[in-house]
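In case you want the letters, here they are:
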Amino acid sequence: MNDKKEIRNILLLVFVIIIVGALIIAKFYGNNQKERYNISVIAGEAHAERWVVLQQGLEKAGNDYNAQINFYTVVNGKDAREQKDLINRELEKKVDAIIVCAVDSQEIQEVLQKSERRTPVILIETDLKPGHLYSQVSPDNYEMGYHLGEEFVRQQEGKETTAGILIDNDKIAAQQERLKGFEEALASAKNITIKWRASDYQSNERVDNIIGMDCVGTQNATEISKVNNEKISIYGFGNAEANIYYMDKGIIKALVVPNDFNMGYLSVQNAVQAVEKDMVYKNTIVEYIVVTGDTLHNEENQRIIFPLVQ
Amino acid sequence: MTEKGRTFYERAKRYIGRKSIQFTLELSFTIVAIICMTLIAVTLQKKFEIEMRETKIESTEQVIDQVRLNLENYLRSMMRISDAMYYATIKSKDISTDSLETEMNLLYEANKDNLVSVACFDIEGNLLGATPIDAVKQNANIAYQNWFVTANEELENFHFSLPHVQNLFDDSSHRYYWVISLSRIVELTSKGNNQRGVLLVDMNYSTIEQQFKKVNANTSLGYTYLLGKNGEIIYHPKQELIYSGLLQENNLEAMNYSDGSYQETFQGEKRVVIVKTIGYTGWKIVSVIPNTFFQMAVSGIQIFALFIIMLSVCILAFINQFVSRQIAKPIKNLEDSVREIESGNLDIQINEGGSYEIQELGRTIKSMVSQMRELMDDIVKEQEQKRKMELGALQSQINPHFLYNTLDTIVWMIETERYEEAITIVTQLASLFRISLSKGKTIISVKDEISHAQNYMNIQKIRYKNKFEVRYDIDEEVCKYATVKLIIQPLLENAIYYGMEFMDGEGIITLRAYMEDRVYIEVADNGLGIPKENVEQLLVENNQVQKRGSGVGILNVHQRIQLRFGEAYGLEIESEPDEGTCARICLPKILYEDLKDKGGE
């Protein structure tokens, strides 16, 4: 009978609806139980205080975006090989995304370009060549250098003075950019003589001021100054607690502190967005502050300089 | 209704109209079931959501109430430390001679977990005593620090600061602590003179942080943050993001709320905000539950409900199918039976299942069919009888006795050279047989029937040598009506046999044809008559009255008339002993012409 067939069709339709419904539910339910993202962060040279705030930002974003953050540092920041191996290893592990703070911008870029895997890569702090393939989260390094230079010039008040610049690792594009900015700010200040630019203080001529181009360099400069008990003014970058302490002590005269927490947080956010194929900003600029002994304990500065979580 | 809607309605109606009962029932049952289930589900879901929401708000309120209690206890214990320090130590000592260290250390040791430091300064900001570190940084500028200034502004009160980084002591371990400063003005005694000082208890910010972290660990309750009395954020689970501008919080709005729960929309997100104020400080604990949390909480139930609904609809569809089949099947069977009957099969069994109405219908159809069957049987029987009767009638015409006697008479006439008479009788006989046969027709005109009777009587008169007289009284009008053939002759035969036998030339047989509302043909004799009881038996089948003559009695005549024209017509017999008998044929007024046109039958 025709009607019987039709009844069967209707029952079939009901079943199909149920099955489709079940599938939708399963999908919905599955989405609820979203799997954890696996994100590897490969930072630069291991250092007690260098990565603390960055890590806090990473962890926080990891919590917020349900991501497992694997944090790695390299033992020797001067050699790109170790970091290359780490990157390749993580890519092999098929993590969802990797976040890299390159120790050698050029070489790391080559490694990443050679990689056939389409794993999203987020670069932090450092800047690769313009037109790069990767999303980047970093402060404006040139501007940071320039502002430090300005503060340096301001503090010298036209006095004749000498300075040495410590570049911990000149293969890092970020440090080169900072240096460029810094030197540009000094260009018109005839009273300041740059005696040397080096990665090591030991062999160099004594100067009135040492400028460190990164957190570690600044710390090293301070240690040197303290050990030698010399009256050297230090300028530099980074909010390692030792740096703050010596700024309190008056040894460090000015610090440029990028918001590492935001850098960590935004890098994970961008990584998750990249995994989800959402739109990702190619270049995310992180803010920074310039602090001196006087402004160190400002309410606003405190929030960026001192990590809240203890 | 719009044109479109109406067209759809019409189309649906037409579609349904074409379908079987079972299909229509099933479809409508299923649709109704789905609609009902959906309505129930939506209602329950809404109700559940509201209940869920209330429960959740209530439980959150309980949780933050607990937090408030803990926080109040903590703050109170800090105030107690401050009090203990002030009343038990500072008041009783002369700072110019006595040290505060010992007591301070004791207090600090006892509350180390919640404290960062305890310190006492004179009104210029010089350190009088501090624990655990008592070396103040050179550039600390104590007199300008916030906690110091506010303590000086309101002398009587405790002052709780906002969280800040402690900027007091030269800690060679490079540690910096986030603290909340509890400061108050104290009366110091120095060399017997009273002077003012500031007592500072730096509370560990992480104690408060821990409290809130615990609450915020349960993310299903939204999140909870702490506001200062001017709406500044003291703790927020995403404090760093707020500080660096990546995130906003509605804290300035929340500051104006008094205790209770509120519905608000912040950055396009609807959410419930629960506020509790902490005693003394005016701080506010704010708990935020985005509305999506409630929806998420019910989504599990939703899925379950959806599943149940689908299952129920499925089961209902099956039940519907069963029920509608139960209803529709007897109708369907009945329809099949009727269709079978329609095709001519009257012998099938009619189903009488189903509900009362359908059973009744079935029964009615069944009795109808059985009546039909009886009628059909009757028709068959009648036809058969008719055939038999006609055969009988025909036979009566070629009764061998009559023929033999007549032929014998003719022979005798010829032998005695009475040729004229012989010719007459042969002519009459020929006419008699011609009408008898009538080309096989059963209906002839009254005129032919009467001439047949006359032929017969003429022959009989010759045979009986005019032992009786025949009179004809025929209304000419009657002649054109139709009659069953050979009905008068048997009556005449009877009249001759029974009526004239014992009449010696005085017998009279009268054949009368006339009409009133019907056509009547009477055969009357003046013979002996028939006893009354016999008269009644004459027209009944299987009568015991002995037959003679043609052997085909008047019963045959009666039955043939009735078979052809119905029960209302036939034969009537009146008889008076010694007076005579009258047999009256009663026929309907049907013109022979009319019947002939219709084929004669």
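Residues numbered from 1 in each chain as written. Chains lettered and ligands numbered in written order. Predicted model: local features only at pLDDT ≥ 70, side-chain atom pairs only at ≥ 80, totals over all residues. Heavy atoms only, no water.

## Some points on the environment of Leu-361 of chain B
Right, so step 1: Along the chain, Leu-361 of chain B falls in helix α9 (residues 356-397).
Right, so step 2: Between the alpha carbons of Leu-361 of chain B and Leu-334 of chain B there is a distance of 8.6 Å; along the sequence they are 27 residues apart. (Helix = DSSP H or I, 4+ residues; strand = E, 2+ residues; numbered from the N terminus.)

## What to know about the UniProt feature "coiled-coil region" (unreviewed entry) in chain B
Right, so step 1: Mapped onto this structure's residue numbering, the UniProt feature "coiled-coil region" (unreviewed entry) falls at residues 358-385 of chain B.
Right, so step 2: The span residues 358-385 of chain B shows a helical share of 100% and a strand share of 0%, and its end C-alpha atoms are spaced 40 Å apart. (UniProt positions renumbered as here; feature names shortened; annotations may be inferred.)

## A look at the interface of chain B and chain A
It is common to give the size of an interface as the accessible area lost on bringing the parts into contact.
Right, so step 1: Between chain B and chain A, the contact holds 41 residues from the first and 37 residues from the second.
Right, so step 2: On the surface where chain B and chain A come into contact, there are 3 salt bridges.
Right, so step 3: In this structure, Lys-137 of chain B and Asp-248 of chain A form a salt bridge, with 2.3 Å as the shortest nitrogen-oxygen distance.
Right, so step 4: At the level of secondary structure, the elements contributing two or more residues to the side of chain B that touches chain A comprise α2 (21-89), β4 (164-165), α5 (205-217), α6 (239-243) and α8 (291-342) of chain B.
Right, so step 5: Top element by residues in the side of chain B that touches chain A is α8 of chain B. It accounts for 9 residues.
Right, so step 6: Per-class residue counts for the side of chain B that touches chain A are 18 nonpolar, 12 polar and 11 charged. (Contact = heavy atoms within 4.5 Å. Salt bridge = Lys/Arg side-chain N within 4 Å of Asp/Glu carboxyl O. Nonpolar A, V, L, I, M, F, W, Y, C, P; charged D, E, K, R; others polar.)

## Notes on the pairing of strand β2 (residues 127-131) of chain B
Residues and elements named next belong to chain B.
Right, so step 1: Sheet topology note: the strand β1 (residues 115-122)/β2 ladder contains 4 bridges and is antiparallel. Among the inter-strand pairings, Val-118 is bridged to a residue of β2, identified as Thr-131.
Right, so step 2: Between β1 and β2, which pair antiparallel and follow one another directly, the connecting turn spans 4 residues, one of which, Gly-125, has a positive phi of 95 degrees. (Pairing = 2+ DSSP bridges.)

## Some points on helix α7 (residues 215-228) of chain A
Residue and element names in this part refer to chain A.
Right, so step 1: With 14 residues, α7 should reach 20 Å at 1.5 Å per residue; the first-to-last C-alpha distance of 20 Å fits that figure.
Right, so step 2: For α7, the full list of buried residues reads Cys-215, Val-216, Gly-217, Thr-218, Gln-219, Ala-221, Thr-222, Ile-224 and Ser-225.
Right, so step 3: In this fold, the buried residues of α7 make contact with β6 (161-166), β8 (209-212), β9 (233-237), α8 (241-249) and β10 (252-258). (Expected span 1.5 Å × (residues − 1). Buried < 20%, exposed > 50% of the residue type's maximum accessible area, 1.4 Å probe, protein only.)

## Section: unusual backbone geometry
Right, so step 1: Along the chain, Thr-131 of chain B connects to Pro-132 of chain B via a cis peptide bond; the corresponding omega equals 0 degrees.
Right, so step 2: Checked against the element boundaries, Pro-132 of chain B lands in the loop between β2 and α4 (146-153).
Right, so step 3: One non-glycine residue, Asn-66 of chain A, adopts positive backbone phi at about 55 degrees.
Right, so step 4: Among the structural elements, Asn-66 of chain A can be located in the loop between α2 (52-64) and β2 (67-74).

## Side note on the pattern of salt bridges
Right, so step 1: Scanning all chains against the criterion turns up 36 salt bridges over all chains.
Right, so step 2: With a closest N to O distance of 3.7 Å, Arg-178 of chain A and Glu-125 of chain A form a salt bridge. On the criterion of sequence distance, the pair formed by Arg-178 of chain A in helix α6 (residues 173-186) and Glu-125 of chain A in the loop between β4 (121-124) and β5 (135-139) is long-range, its members being 53 residues apart. As far as the burial class goes, Arg-178 of chain A and Glu-125 of chain A line up, both buried.
Right, so step 3: The closest approach of N and O atoms between Lys-93 of chain B and Glu-103 of chain B, which form a salt bridge, is 2.9 Å. Taken as a pair, Lys-93 of chain B in the loop between α2 and α3 (101-110) and Glu-103 of chain B in helix α3 lie far apart in primary sequence, 10 residues in all.
Right, so step 4: On the basis of relative accessibility, which here comes to 16%, the residue Lys-93 of chain B falls in the buried class.
Right, so step 5: What makes Glu-103 of chain B partly exposed here is its relative accessible area of 26%.
Right, so step 6: In this structure, a network of salt bridges that share partners links the residues Asp-473, Arg-512, Glu-522, Glu-572, Glu-574 and Arg-584 of chain B.

## Considering a nonpolar patch on the surface
All names here are of chain B.
Right, so step 1: On the surface, a nonpolar cluster with roughly 700 Å² of combined accessible area is contributed by Phe-29, Phe-307, Leu-311, Ile-315, Ile-319, Phe-322, Val-323 and Ile-327.
Right, so step 2: Per element, the largest residue contribution to the nonpolar patch is 7 residues, and it comes from α8.
Right, so step 3: For Ile-319, the location among the structural elements is in helix α8. (Patch = residues over 30% accessible without salt bridge, like charges linked within 9 Å, V, L, I, M, F, W, Y side chains within 5 Å. Areas by Shrake-Rupley, 256 points an atom, 1.4 Å probe, with all protein chains shown as cover.)

## Observations regarding empty space enclosed by the protein
All names here are of chain A.
Right, so step 1: Within this structure, the stated rule accounts for 5 cavities of 30 Å³ or more.
Right, so step 2: For the largest cavity, the calculated volume is near 270 Å³.
Right, so step 3: In this structure, the largest cavity is lined by 24 residues; those nearest its centre are Arg-50, Glu-125, Ile-172, Gln-175 and Asp-214.
Right, so step 4: Elements with a minimum of two residues in the lining of the largest cavity: β1 (37-45), α6 and α7.
Right, so step 5: Top contributing element to the lining of the largest cavity by residue count: α6, with 3 residues. (1 Å grid on protein atoms, 1.4 Å probe; cavity = no way out; pocket = protein on both sides within 12 Å on 5 of 7 lines; lining within 4 Å. Points joined across faces, edges and corners; volume = space filled by probe spheres on them.)

## Examining the nonpolar core
Right, so step 1: Formed by 72 residues in total, the largest nonpolar core has its most connected members in Ile-210 of chain A together with Ile-90, Leu-226 and Trp-283 of chain B.
Right, so step 2: Of all the elements, α2 of chain B adds the most residues to this core, at 11 residues.
Right, so step 3: One finds Val-446, Ile-496, Ile-561 and Leu-587 of chain B within the second-largest nonpolar core, a separate group that totals 47 residues. (Core = buried A, V, L, I, M, F, W, Y, C linked by side-chain atoms within 4.5 Å.)

## Quick word on the environment of Gly-192 of chain B
Right, so step 1: For Gly-192 of chain B, the position within the fold is in the loop between β5 (178-190) and β6 (193-204).
Right, so step 2: The sequence separation of Gly-192 of chain B and Ile-95 of chain B amounts to 97 residues, and the corresponding C-alpha distance is 9.5 Å.

## Topic: the side chain of Arg-584 of chain B
Residues and elements named next belong to chain B.
Right, so step 1: Relative to the elements of secondary structure, Arg-584 occurs in strand β18 (residues 580-587).
Right, so step 2: According to the relative accessible area criterion, Arg-584 is buried, its value standing at 14%.
Right, so step 3: Engagement of the side chain of Arg-584 in a polar contact is seen with the side chain of Tyr-514, the distance being 3.5 Å.
Right, so step 4: Side chain to side chain, Arg-584 and Glu-522 meet in a polar contact 2.7 Å long.
Right, so step 5: Excluding its chain neighbours within four sequence positions, the residues that come into contact with Arg-584 are Tyr-514, Tyr-520, Ile-521, Glu-522, Gly-570, Leu-571, Glu-572 and Glu-574. (Polar contact = N/O pair within 3.5 Å; in protein donor to acceptor, adjacent residues only side chain to side chain.)

## Observations concerning the side chain of His-236 of chain B
Right, so step 1: Along the chain, His-236 of chain B falls in the loop between β8 (233-235) and α6.
Right, so step 2: Not counting chain neighbours up to four residues away, the residues in contact with His-236 of chain B comprise Tyr-223, Tyr-225, Ile-242 and Glu-249 of chain B.

## Focus: the sheet that holds strand β10 (residues 269-277) of chain B
Where strands meet in a sheet, backbone hydrogen bonds hold them as pairs that are either parallel or antiparallel.
Residue and element names in this part refer to chain B.
Right, so step 1: If you walk across this open sheet you meet the 5 strands as β8-β7-β11-β10-β9, and the pairing is antiparallel. Of all strands in the sheet, those bounded by a partner on one side alone are β8 and β9 (260-266). Mean inter-strand twist for the sheet, computed between neighbouring axes without regard to direction, equals 35 degrees.
Right, so step 2: Both β10 and strand β11 (residues 284-290) contribute to a ladder of 7 bridges, which runs antiparallel. Residue pairing for β11: Val-272 is matched across the bridge by Ile-289. (Axes fitted to C-alpha atoms, helices over the stretch in contact; angles between N-to-C directions.)

## Side note on the environment of Lys-94 of chain A
Right, so step 1: Its place among the elements puts Lys-94 of chain A in the loop between α3 (80-92) and β3 (97-100).
Right, so step 2: Classification of Lys-94 of chain A as exposed rests on a relative accessible area of 60%.

## Concerning the sheet that holds strand β17 (residues 570-576) of chain B
All names here are of chain B.
Right, so step 1: One open sheet holds the 5 strands; their spatial order is β13-β15-β16-β18-β17, and the pairing between them is mixed. The sheet is open, and its two edges are formed by β13 (468-474) and β17, each paired on a single side. The sheet shows a mean angle of 10 degrees between the axes of neighbouring strands, direction not considered.
Right, so step 2: Sitting on the sheet, helix α12 (residues 446-463) touches β13, β15 (507-515) and β16 (519-525), and the angle it makes with β13 is about 170 degrees.

## A closer look at the packing of helix α10 (residues 400-415) of chain B against helix α11 (residues 419-437) of chain B
Residue and element names in this part refer to chain B.
Right, so step 1: Where α10 contacts α11, the two axes come as close as 8 Å, and the packing angle between them is 155 degrees. Here α10 lies roughly antiparallel to α11, going by the angle between them. In this structure, the crossing between α10 and α11 has a hand that is left-handed. Each of Phe-402, Leu-403, Thr-406, Thr-409, Ile-410, Met-413 and Ile-414 in α10 lies in contact with α11, whose residues at this interface are Tyr-419, Glu-421, Ala-422, Ile-425, Val-426, Leu-429, Leu-432 and Phe-433.
Right, so step 2: Residues of the contact of α10 with α11, tallied by class, amount to 12 nonpolar, 2 polar and 1 charged. (Parallel < 35°, antiparallel > 145°, perpendicular 65-115°, else oblique. Left-handed = near helix turned anticlockwise from the far one by under 90°.)

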